[in-house]
Structure formats: structure tokens, C-alpha cells
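Results of the structural survey
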Amino acid sequence: MSVTVWTYPGFWEAGAEGAVRALEELGYRASIRRAEGLDAYIAKATDEKTRGVQAGMIGWYGVSRTARSLLDIFRCSPPDLSFLCNRRLDARIARALELQASDPDAAVAVWARIERDIVDLAPWVPLFTPSHAILVSKRVGNYQYNPEWRLLFDQLWVR
């Protein structure tokens, strides 16, 4: 089977080249196609007439990695770069969003189940998870880290 991996100039090109090599090792006839830039890539990926790209490289760096901030992008409305449109899942995401406003504790379990279902469907395959190292002096106290906001500066004290 032939697989075309789309990318655009810059950061994701090396990842796309690695994906092509991995696909070839698995027996696919893989090739790379480069859009002129990010805007052209997004336009191609979200083109309903062509159903977007077969495989492509995209990601976020330096943004929140909480389930709530990521799961909403798998809805049946643009910009769904994965083209995962599952009406049942979409309804459950809408329900979780409603529940989040009225009962955040109950919403946690609903979001967890939705996240597991999306992982099982595998509309996206993560290549890596960027991480940060935060170094503090011995004089710093009450260091706290939040997965969405990172270092909580307002909680620190310095001796």
C-alpha cells in the first residue's frame, strides 16, 4: 500500500522523514509531500472535498496538555485535523463539557473514559511528548508545578 506523509517546511520535516522510513520498514511504499507552509498544510488537511491528508505531521509545543484542552479538538467540527468524526463520541464530549460546568468532579471520570476511547481509535499517533526541566535554587521554597500552567510563581518564596 502507498502512504503519503504530508508536512511543511520547518520543525516537523525531520519527523515526517522518520515516519516515512518507519513506514517503509513496515512494508509500505511511503513518500513525503511538503505543503508550502503551515497555512497551506492546514488548508489541505481540512479540505472536505479530498478528506485531507492520508498521514501528516502536526503538533503543539508549549501549550496545555490536559485532557480537557486536547479532547475537544476531536469533535465533528473544524478544525479536526484527524478527521475523526464519531457522532457518539462527539455527543459524549458535548455532555462532558456541560458536566464540567456543573459538576467538575463527575466530569473527570467522563473525560477519562472519552480519552481512553480516543486512544483506542488512534486518530493520531504521538511521536514524542515535549517536557521541561525547571531548576530552582536551594533558597526557593514552596515550589509547585501545575501541568497546565507549569511553575506557579505566585506560590514561591525566596530566602
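Below or above, wherever it landed, is the structure these notes cover. Every value quoted in this text rests on a predicted model; they were computed, and no experiment measured them.

Turning our attention to the sheet that holds strand β2 (residues 29-34). Pairing is parallel in the open sheet, where 3 strands are placed in the order β2-β1-β3. The open sheet is flanked by β2 and β3 (55-56), the only strands paired with a single partner. Alignment of strand β1 (residues 2-7) against β2, held across 6 bridges, turns out to be parallel. In the sheet register, S2 faces β2, and the bridge partner there is R29. Contacts from helix α1 (residues 13-25) reach β1 and β2 within the one sheet, and its direction differs from that of β2 by about 165°.

Turning our attention to the packing of helix α4 (residues 87-102) against helix α5 (residues 104-121). Closest axis-to-axis distance for the α4/α5 pair is 8 Å, and the angle between their directions is 155°. The angle between the axes of α4 and α5 places the two elements in the roughly antiparallel class. Crossing of α4 over α5 shows left-handed handedness. Between α4 and α5, the residues in contact are L89, R92, I93, A96, L97, L99, Q100 and S102 and P104, A106, A107, V110, W111, R113, I114, D117, I118 and L121, respectively. Of the residues that constitute the contact of α4 with α5, the class distribution is 13 nonpolar, 2 polar and 3 charged.

Read as a crossover between parallel neighbours, the route from β1 over α1 to β2 is right-handed. In this structure, β1 lies alongside β3, joined through 2 bridges in parallel fashion. Bridge pairing links V5 to A55 in β3.

This model, assessed by the stated rule, comprises 1 aromatic pair. Here Y8 and Y41 contribute two aromatic rings whose centre-to-centre distance is 5.1 Å and whose plane-to-plane angle is 50°, an arrangement assigned as tilted. Here Y8, found in the loop between β1 and α1, pairs with Y41, found in helix α2 (residues 38-45); they are 33 residues apart in sequence, far enough to count as distant. Owing to a relative accessible area of 11%, Y8 belongs among the buried residues under this scheme.

Before going further, it helps to examine α1. With 13 residues, α1 extends 19 Å between its outermost C-alpha atoms, agreeing within 8% with the 18 Å of an ideal straight helix rising 1.5 Å per residue. The set of residues buried in α1 consists of A16, V20 and L23. Taken down its axis, α1 places every buried residue within 65° of arc, on the same side. Residues of α1 that are exposed and point more than 90 degrees away from the buried face comprise A14 and E25. The elements touched by buried residues of α1 are β1 and β2. Directly beyond the C-terminal end of α1, a positive phi value near 100° is found at G27.

Quick notes on the rules
Residues numbered from 1 in each chain as written. Predicted model: local features only at pLDDT ≥ 70, side-chain atom pairs only at ≥ 80, totals over all residues. Heavy atoms only, no water. Pairing = 2+ DSSP bridges. Helix = DSSP H or I, 4+ residues; strand = E, 2+ residues; numbered from the N terminus. Contact = heavy atoms within 4.5 Å. Axes fitted to C-alpha atoms, helices over the stretch in contact; angles between N-to-C directions. Parallel < 35°, antiparallel > 145°, perpendicular 65-115°, else oblique. Left-handed = near helix turned anticlockwise from the far one by under 90°. Nonpolar A, V, L, I, M, F, W, Y, C, P; charged D, E, K, R; others polar. Right-handed = clockwise from strand over helix to strand, strands pointing away. Phe/Tyr/Trp six-rings, centres within 6.5 Å; stacked < 30°, edge-to-face > 60°. Buried < 20%, exposed > 50% of the residue type's maximum accessible area, 1.4 Å probe, protein only. Expected span 1.5 Å × (residues − 1). Arc of directions from axis to C-beta.

None of this, on its own, says anything about what the molecule does.
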